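# Architecture and fold: a report
If you want the building blocks of each chain, they are given just below.
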Amino acid sequence: NQFIYRPDHDRPLIYRSADGHQIQPQLMYTDAGSIPRLFWSAPELGPWDFGPGYIIHDWLFDQHHCRIGDWQQYDLQRAAEILAEAMKTQMQQAPKPEPVIVYAVYEAVRSPIAERLWDKPGCNQPAALSAPAIAPQPAPVVIRTIDFK
């Protein structure tokens, strides 16, 4: 369940953490949120529900494993804090923010399992680091929308 995250050169994903660090993910493999499939149907626990935050977090792992950029500035704890910050930032726009979700994910990404993944040696990057982005396809035409509320 790995996908290639390919940054948009015109509108890159950039996150500025509370302490002022700027994080800009580059081409990498991601699985979005490593949420066990059992929980995907729960509100806000799908692997893409906080996609930008999960991509930022995966980039910090990738930087650490591949020793890219300012990788020395981040450890597992700081990566977990940044994910929680990013999720909270995204959640502030939700009609009913659920801080319990942020806390649960925060605890999961700093768990012993996460620590083993952080400490696991190896760098796994997409082979074609300089490959051009796939041309975007035109958006489908929406004939009618249905409000399920």
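Every value quoted in this text rests on a predicted model; they were computed, and no experiment measured them.

### Observations concerning the side chain of glutamine 63
Counting through the fold element by element, glutamine 63 comes out in helix H1 (residues 51–66). Side-chain polar atoms of glutamine 63 contact the side chain of aspartate 70, separated by 3.1 Å. Apart from residues no more than four positions distant in its own chain, glutamine 63 is found in contact with Ile68, Gly69, Asp70, Trp71 and Tyr74.

### Remarks on the packing of H1 against helix H2 (residues 76–91)
One can describe the packing of H1 onto H2 by two numbers: an axis separation of 8 Å at closest approach and a directional angle of 165°. Relative to H2, the element H1 lies roughly antiparallel. Every pair of crossing elements has a handedness; the one defined by H1 and H2 is right-handed. Here Gly51, Pro52, Gly53, Tyr54, Ile56, His57, Leu60 and Phe61 of H1 come into contact with H2, specifically with Leu76, Ala79, Ala80, Ile82, Leu83, Ala86, Met87 and Gln90. Each residue belonging to the contact of H1 with H2 can be placed in one class, and the counts come to 12 nonpolar, 4 polar and no charged.

### Brief notes about H1
The end-to-end C-alpha separation of H1 is 22 Å, in line with the 22 Å expected for 16 residues at 1.5 Å each. Of all 16 residues making up H1, 14 are buried, and the element is well covered by its neighbours. Following H1 by one or two positions, arginine 67 adopts a phi angle in the positive range, close to 55°.

### Observations regarding the nonpolar core
Soluble globular proteins tend to pack their nonpolar side chains together in the buried interior. Ile23, Leu60 and Ile82 are the most contacted members of the largest nonpolar core, which has 16 residues in total. Mapped onto this core, the elements with two or more residues apiece are H1, H2 and helix H4 (112–119). Apart from the residues lying within four places of it in its own chain, the contact partners of leucine 60 are Ile23, Tyr74, Ala79, Ile82 and Trp118. Membership of the second largest hydrophobic core comes to 14 residues, among which are Ile35, Ala80, Ile101 and Val102.

Rules used in this analysis
- Residue positions are counted from 1 within each chain, in the order its sequence is given.
- Whole-chain, interface and lining totals are the exception, using all residues; otherwise, since this is a predicted model, local features are given only for residues with pLDDT of at least 70 and side-chain atom pairs are given and counted only at 80 or more.
- Excluding hydrogens and water, the side-chain values take into account all heavy atoms of the structure.
- The way it works is that DSSP assigns letters per residue, a run of H or I at least four long becomes a helix, a run of E at least two long becomes a strand, and they are numbered from the N terminus.
- Throughout this description, a polar contact denotes any pair of N or O atoms lying within 3.5 Å of each other; where both atoms belong to protein, one of them has to be capable of donating a hydrogen while the other can accept it, and for residues adjacent in sequence the pair is counted only when both atoms sit in side chains.
- Every residue pair with non-hydrogen atoms within 4.5 Å of one another is taken to be in contact.
- Orientation is described by axes fitted as lines to C-alpha atoms, over the contacting stretch for helices, and by angles from 0 to 180 degrees between their N-to-C directions.
- Roughly parallel refers to an angle under 35 degrees, roughly antiparallel to one over 145, roughly perpendicular to one between 65 and 115, and oblique to any angle outside these ranges.
- A crossing counts as left-handed when the near helix is turned anticlockwise from the far one by less than a right angle, and as right-handed when that turn is clockwise.
- By the convention adopted, Pro, Cys, Tyr, Trp, Phe, Met, Ile, Leu, Val and Ala count as nonpolar, Lys, Arg, Asp and Glu as charged, and the other residues, Gly among them, as polar.
- Under the convention used throughout, the expected extent of a helix is 1.5 Å for every residue step, that is, one less than its residue count.
- We call a residue buried when its accessible area falls under 20% of the maximum for its residue type, exposed when it is over 50%, and partly exposed in between, using a 1.4 Å probe and counting protein chains only.
- As used in this record, nonpolar core signifies buried Ala, Val, Leu, Ile, Met, Phe, Trp, Tyr and Cys residues forming a set joined through side-chain atoms within 4.5 Å.

Keep in mind these numbers describe shape, not what the thing actually does.
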